[in-house]
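An overview of the molecular structure
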Amino acid sequence: MSKKIAVILSGCGVYDGAEIHESVITLLRLDQRGAQVQCFAPNIAQLHVINHLTGEEMPESRNVLVESARIARGNIKDIREASVEDFDALIVPGGFGSAKNLSNFAVEGAGCSVQPDVLALTEAFAEAGKPVGLICISPALAAKIYGPGVTCTIGNDADTAAAMNKMGATHAECAVTDIVEDKARKLVSTPAYMLAQSISEAASGINKLVDRVLELTHENDA
């Protein structure tokens, strides 16, 4: 039986949305492993729009769901339509969209909150004991999803790790090629572009994460 995996995107572009390489690597690996995938995104305005050529903010507004549809080739749904019962696992690629659109971590740090629709779905996966993969900066949200004591990684960035620890997470340092697993919570995380110097480096950890998340979905197979 092929497994059904939900993927949450946060826009389109590293500086204001989902990291495109991380998202595509995730979708590619899931497809290579025979998983059925449905992408979701919140139907909300982005925090802001960044010119990815200059790094400057642009005087316009964009919608997270509409922008995420670029990566998903249009095959994406409003996150409010997602139901935990329909899926075996959840994966959230990184990019600043995780810290700007799926949450306000980029602005509030340890005092952040998760966007309500995103929190409702991720908490549902946590409560159901279904595997979750968090990539790049997305593990910064883990303490808000799972509560204190959750173990995860964003690599080795001291300031981000300190904010995560302040929120109640236990940060574990991790190489770009590896993953950190919280076995009790079936949560897998990897640094990806928090550390990666190339797309190949990002892929090395993401592929391990996808493989492990899929392995975890088989633990209860008869």
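Residues numbered from 1 in each chain as written. Predicted model: local features only at pLDDT ≥ 70, side-chain atom pairs only at ≥ 80, totals over all residues. Heavy atoms only, no water.

What to know about the sheet that holds strand E11 (residues 187-190)
Taken in spatial order, the seven strands line up as E5-E2-E1-E6-E7-E11-E10 in an open sheet, and their pairing is mixed. Both edges of this open sheet fall to strand E5 (76-78) and strand E10 (180-182), since each of them pairs with a single strand only. The sheet shows a mean angle of 25° between the axes of neighbouring strands, taken without regard to direction. Both strand E1 (residues 4-8) and strand E6 (residues 89-92) contribute to a ladder of three bridges, which runs parallel. Opposite isoleucine 5, over in E6, you have alanine 89 as the bridge partner. (Pairing = 2+ DSSP bridges. Helix = DSSP H or I, 4+ residues; strand = E, 2+ residues; numbered from the N terminus. Axes fitted to C-alpha atoms, helices over the stretch in contact; angles between N-to-C directions.)

Quick look at helix H5 (residues 116-128)
For H5, with 13 residues, the first-to-last C-alpha span of 18 Å sits near the 18 Å given by 1.5 Å per residue. Looking only at H5, the buried set comprises Val118, Leu121, Thr122 and Phe125. For H5, the arc enclosing every buried residue in end-on projection is 90°, short of the 170-degree limit, so these residues lie on one face. For H5, the exposed residues lying more than 90 degrees away from the buried face are Pro116 and Glu127. Contacts from the buried residues of H5 go to E1, E6, strand E7 (132-135) and helix H6 (142-146). Where H5 starts, the residue carrying a side-chain oxygen 3.0 Å from the main-chain nitrogen of aspartate 117 turns out to be glutamine 115. Downstream of H5 by a residue or two, glycine 129 has a phi angle that is positive, lying close to 70°. (Expected span 1.5 Å × (residues − 1). Buried < 20%, exposed > 50% of the residue type's maximum accessible area, 1.4 Å probe, protein only. Arc of directions from axis to C-beta. Contact = heavy atoms within 4.5 Å. Polar contact = N/O pair within 3.5 Å; in protein donor to acceptor, adjacent residues only side chain to side chain.)

Quick word on the environment of glycine 155
Along the chain, glycine 155 falls in the loop between strand E8 (151-152) and helix H7 (158-167). What makes glycine 155 buried here is its relative accessible area of 0%. Separated by 16 residues in the primary sequence, glycine 155 and histidine 171 place their C-alpha atoms 8.8 Å from one another. Residue contacts for glycine 155: discarding those within four places in its chain leaves His171, Ala172, Glu173, Cys174, Pro191 and Leu195.

Here's the deal with the packing of aromatic side chains
Within this structure, the stated rule accounts for one aromatic pair. Each ring, one from phenylalanine 40 and one from phenylalanine 87, has its centre 5.6 Å from the other, and the planes form 85°; the classification is edge-to-face. Here the residue phenylalanine 40 occupies a position in strand E2 (residues 36-41), and phenylalanine 87 occupies one in the loop between E5 and E6, the gap between them amounting to 47 residues. An identical accessibility class is assigned to phenylalanine 40 and phenylalanine 87; each is buried. Positioned above the aromatic ring of phenylalanine 87 is the side chain of lysine 4, whose terminal nitrogen or guanidinium carbon lies 5.8 Å from the ring centre. Looking at lysine 100, its charged tip hangs above the ring of phenylalanine 96, at a distance of 4.8 Å from the centre. (Phe/Tyr/Trp six-rings, centres within 6.5 Å; stacked < 30°, edge-to-face > 60°. Lys NZ or Arg CZ within 6 Å of the ring centre and 35° of its normal.)

Considering the pattern of salt bridges
Considering all chains together, one arrives at ten salt bridges under this definition. Note that arginine 80 and aspartate 117 form a salt bridge whose closest N and O atoms lie 3.0 Å from each other. One end of the pair, arginine 80, is in the loop between E5 and E6; the other, aspartate 117, is in helix H5, with 37 residues separating them in the sequence. Judged by its relative accessible area of 58%, arginine 80 is exposed. The residue glutamate 181 makes a salt bridge to arginine 212 at a minimum N-O spacing of 2.7 Å. With glutamate 181 in strand E10 and arginine 212 in helix H8 (residues 199-217), this residue pair connects regions lying 31 residues apart in the sequence. Among the charged side chains, a salt-bridge network with shared partners connects Glu60, Arg62, Glu67 and Arg70. (Salt bridge = Lys/Arg side-chain N within 4 Å of Asp/Glu carboxyl O.)

Interpretation in functional terms is not warranted from these geometric data alone.
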